[in-house]
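Geometric and topological summary
This is what each chain is made of:
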Amino acid sequence: MSINIDSSEIRKDGIIVRCGENGIELCVEDSATSPNKVLNVLREMRIPVEKLDLIIDAIKNAGTWVPVSKELVPPDLALEISSDEMEAYATYLPGFCSYQMTKQDILKILKDKGIVIQDESVIETLLKLPFEKVLIAKGEPPIDGTDASLEWSYQKPINMVTDQEQHVDFKELVSKWDYVSAGTVLVEKIPAEKGKAGITVKGRILPAKDGRDIDLRKLAGKNTSVSEDGLRIIAKTDGIAQKEGTRINVVSQLIISGDIDFHTGNVEGMVDAVQITGTVREGFKVIAKSSIQVHGVVEGSYLEAGQNIKIDGIVAGNNKATLKAGNSVMARQIIKAKVEAPIVVVESGILFSQVSCTDLYLTHSKGRISGSTINAERNIVSANVGNDLAERVVLQITGPQALVEEYEYISRTLMEKRKEYNELDDMTKKSPMMLKMYEEKLASLAAEIEILDDRVKTLLTEKQEALKRAKIFIRDTVYPNVEIRFGSSVYLVKSELSFVTFLFEDGEVKFVPYINPPPIPRIANSR
């Protein structure tokens, strides 16, 4: 479809062209215009000039119309496509003494050329700007997909210390271990994204690359699992998360080469077993679910294990060390420390320390307890106790702790009930009315007191029997100022005794010639 624009004018740089009665006519506004300029404009408009003199004539007679050609000039569309087909430009070349293209004409031409445009309004712009180069179509480049990535979510954040905090334990802040509990998400995968294909102005599809995926099954190491959706690696047990090459493991047994100090920080209780080749420095903590072994020295630090603690060196506690174990504590020597464990086995000596245990064994032939307090439920075995300086030592046989605690609780409760009964009884004796009011209460208290009294007697008998089974074995010398206690019975050693065994008999502490002690109980191995 076309339209006739015989009466229209096209103006450019002071040069006007129209379709007149005598064909295509030219009008130059300024007589100073160069003939070459006029000729170039006419060539750009595709207007053939029959004689160059006509251009000169139009310049000389500026402002008047001069016929320059009788040929009809049809409209045209000049197209330019970039080498990568991502941009398409068009220039509309209008017709003279002919017709003009319509929007539909141009759309048909573009369709025939295979050019795809996104917005048809650009055609209207093209028609309004003849001889102007207009961007009519732009391709879409392909967008490659993003590769899958990983977030190592188990790594603990660095907590900034605020000005309001009065106390900061730097031993906690510097801890190099990443502790995790069962079920902790160790690694989370951000899935790969698919690529988005591109398209050129001629409709050619440009393929895009999909992002590369990561198979978490290749990264999941010991004691870990991959979630059903394949997006997370999860800890199967408590422990320490560690990278080993490309794999992530959760280890329950930790081997530390060197000391526990500010380079390592504290070792918390998320691991089963800890082995330390160096020293545990003062002020630090080592906590394990099962066992702790220290090849070096334990200074004024805190050690706690669910089963066993073994110190190949000595405990130099400086009155700050505490060792707690659910089964046993073993050490070469313990100095100025507090120890709690059912079985305590020490090679050479316990000096200026407090030990609470079921059984205590000093294994060296010259082993010594000096300046210390030992609370044992059953047996104490040592070569020597005390020294020539008569430093005070207390060896206390308590009997089973659970039995002692129940006896003390029931005895205390019995005392309170008796006091309550006596106060009510005194009050009711003064008033028959009060007697009637509290008669049932008195009867109830009396029944409770009878039950508690029977239980106290039973517990006391059991406690006495337990004390009779307990012994203190001294296979060399016990020195003066050593206090031997069985329950509430006390025997103070006033002169040296050798090769004796202390025991509880007839309600008092006695000693007899040395008896061979029972063997050290087998200490269950822990992982």
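Quick look at the structure, then. (Residues numbered from 1 in each chain as written. Predicted model: local features only at pLDDT ≥ 70, side-chain atom pairs only at ≥ 80, totals over all residues. Heavy atoms only, no water.)

**Re the overall build of the protein**
Helix and strand content of the protein: seven helices and 35 strands. Here the C-alpha atoms of the protein give a radius of gyration of 51 Å, more than 25% beyond the 24 Å that 2.2 N^0.38 yields for 527 residues. Seen through its principal axes, the protein has C-alpha atoms that stretch 150 × 75 × 45 Å. In the protein, buried positions account for 41% of the 527 residues. Contacts spanning at least 24 positions in sequence make up 44% of the contacts within the protein whose residues lie at least 6 apart. Here the protein contributes 66 positive and 77 negative side-chain charges, whose respective centroids are spaced 5 Å apart. (Helix = DSSP H or I, 4+ residues; strand = E, 2+ residues; numbered from the N terminus. Rg over C-alpha atoms; globule rule 2.2 N^0.38 Å. Buried < 20%, exposed > 50% of the residue type's maximum accessible area, 1.4 Å probe, protein only. Contact = heavy atoms within 4.5 Å. Lys, Arg positive; Asp, Glu negative; His and termini not counted. Charge placed at Lys NZ, Arg CZ, Asp CG, Glu CD.)

**Quick notes on the packing of aromatic side chains**
Throughout the structure, instances matching the rule amount to five aromatic pairs. Ring pairing ties together the aromatic residues Tyr 491, Phe 502 and Phe 511, which thus form one cluster. Over the aromatic face of Trp 65 sits the side chain of Arg 18, whose NZ or CZ is 3.8 Å from the ring centroid. (Phe/Tyr/Trp six-rings, centres within 6.5 Å; stacked < 30°, edge-to-face > 60°. Lys NZ or Arg CZ within 6 Å of the ring centre and 35° of its normal.)

**Here's the deal with helix α2 (residues 53-60)**
Along α2, the positions that sit buried rather than exposed are Ile 55, Ala 58 and Ile 59. Along α2, the residues classed as buried sweep out an arc of 100° about the axis, all on the same side. Exposed side chains of α2 directed beyond 90 degrees from the buried face belong to Asp 53 and Lys 60. Looking at the buried residues of α2, the elements they touch are β4 (23-28), α1 (35-44) and β5 (66-69). (Arc of directions from axis to C-beta.)

**Concerning unusual backbone geometry**
A positive phi angle, near 60°, is found at Asn 319, a position not held by glycine. By the element assignment, Asn 319 lies in strand β24 (residues 308-325). Residue classification places Asn 319 among the exposed positions, given a relative accessible area of 58%. Look at Ala 390: it is not a glycine, yet its phi comes out positive at around 60°. Tracing the chain through its elements places Ala 390 in the loop between β29 (373-385) and β30 (393-397).

**Quick notes on the environment of Asp 119**
Note that Asp 119 resides in the loop between α3 (103-112) and α4 (121-128). Residue classification places Asp 119 among the partly exposed residues on the basis of a relative accessible area of 46%. Taking C-alpha positions, Asp 119 is 8.2 Å from Ile 136, a pair spaced 17 residues apart along the chain. In this structure the side chain of Asp 119 is engaged in a polar contact, spanning 2.8 Å, whose partner is the side chain of Ser 121. (Polar contact = N/O pair within 3.5 Å; in protein donor to acceptor, adjacent residues only side chain to side chain.)

**Here's the deal with the nonpolar core**
One finds Leu 303, Leu 323 and Phe 502 to be the most contacted residues of the largest nonpolar core, which totals 60 residues. Ranked by residues supplied to this core, first place goes to β24 with six residues. Leaving out residues up to four positions away in the same chain, Leu 303 has contacts with Val 280, Val 286, Ile 292, Val 294, Val 298, Ile 309, Ile 311, Thr 322, Leu 323 and Lys 324. Counting 23 residues, the second largest nonpolar core, distinct from the first, contains Ile 10, Val 17, Ile 24 and Phe 96. (Core = buried A, V, L, I, M, F, W, Y, C linked by side-chain atoms within 4.5 Å.)

**Some thoughts on the packing of α1 against α2**
With their axes 10 Å apart at the nearest point, α1 and α2 run at an angle of 115° to one another. Considering only the axes of α1 and α2, their crossing is right-handed. Touching Pro 35, Val 38, Leu 39 and Leu 42 of α1 are Ile 55, Ile 56 and Ile 59, all from α2. Looking at side-chain class alone, the contact of α1 with α2 contains seven nonpolar, no polar and no charged residues. (Axes fitted to C-alpha atoms, helices over the stretch in contact; angles between N-to-C directions. Left-handed = near helix turned anticlockwise from the far one by under 90°. Nonpolar A, V, L, I, M, F, W, Y, C, P; charged D, E, K, R; others polar.)

**Description of the packing of helix α6 (residues 401-429) against helix α7 (residues 432-469)**
Packing of α6 against α7 leaves a shortest axis separation of 8 Å and a crossing angle of 155°. Viewed along their axes, α6 and α7 adopt a mutual orientation that is roughly antiparallel. The interaxial crossing formed by α6 with α7 has left-handed handedness. (Parallel < 35°, antiparallel > 145°, perpendicular 65-115°, else oblique.)

**What to know about the pattern of salt bridges**
Overall, the coordinates contain 30 salt bridges when judged by the stated rule. Lys 103 is the partner of Glu 120 in a salt bridge, and the nearest nitrogen-oxygen pair spans 3.8 Å. Of this pair, Glu 120 sits in the loop between α3 and α4 while Lys 103 sits in helix α3, and the two are 17 residues apart along the sequence. Glu 120 gets classed as partly exposed once you look at its relative accessible area, which sits at 42%. For Asp 147, the salt bridge goes to Arg 212, with nearest N and O atoms at 3.0 Å. Taken together, the residues span a long stretch of sequence, with Asp 147 in the loop between β9 (133-138) and β10 (149-151) and Arg 212 in the loop between β14 (205-206) and β15 (224-226) at a distance of 65 residues. What emerges from the salt-bridge pattern is a single network uniting Lys 103, Glu 120 and Glu 124. (Salt bridge = Lys/Arg side-chain N within 4 Å of Asp/Glu carboxyl O.)

**Some words on the pairing of strand β3 (residues 15-20)**
Looking at chain direction, strand β2 (residues 9-12) and β3 are connected through four bridges and run antiparallel. The residue bridging Ile 10 from the neighbouring strand is Val 17, located in β3. As consecutive antiparallel partners, β2 and β3 are separated by two residues, and within that stretch Asp 13 has a phi angle of approximately 50°, a positive value. Pairing analysis gives six bridges linking β3 to β4, with the strands arranged antiparallel. Within β4, the position partnered with Gly 20 by the bridge is Gly 23. Hairpin remark: β3 followed by β4, antiparallel, with two residues in the connecting loop. (Pairing = 2+ DSSP bridges.)

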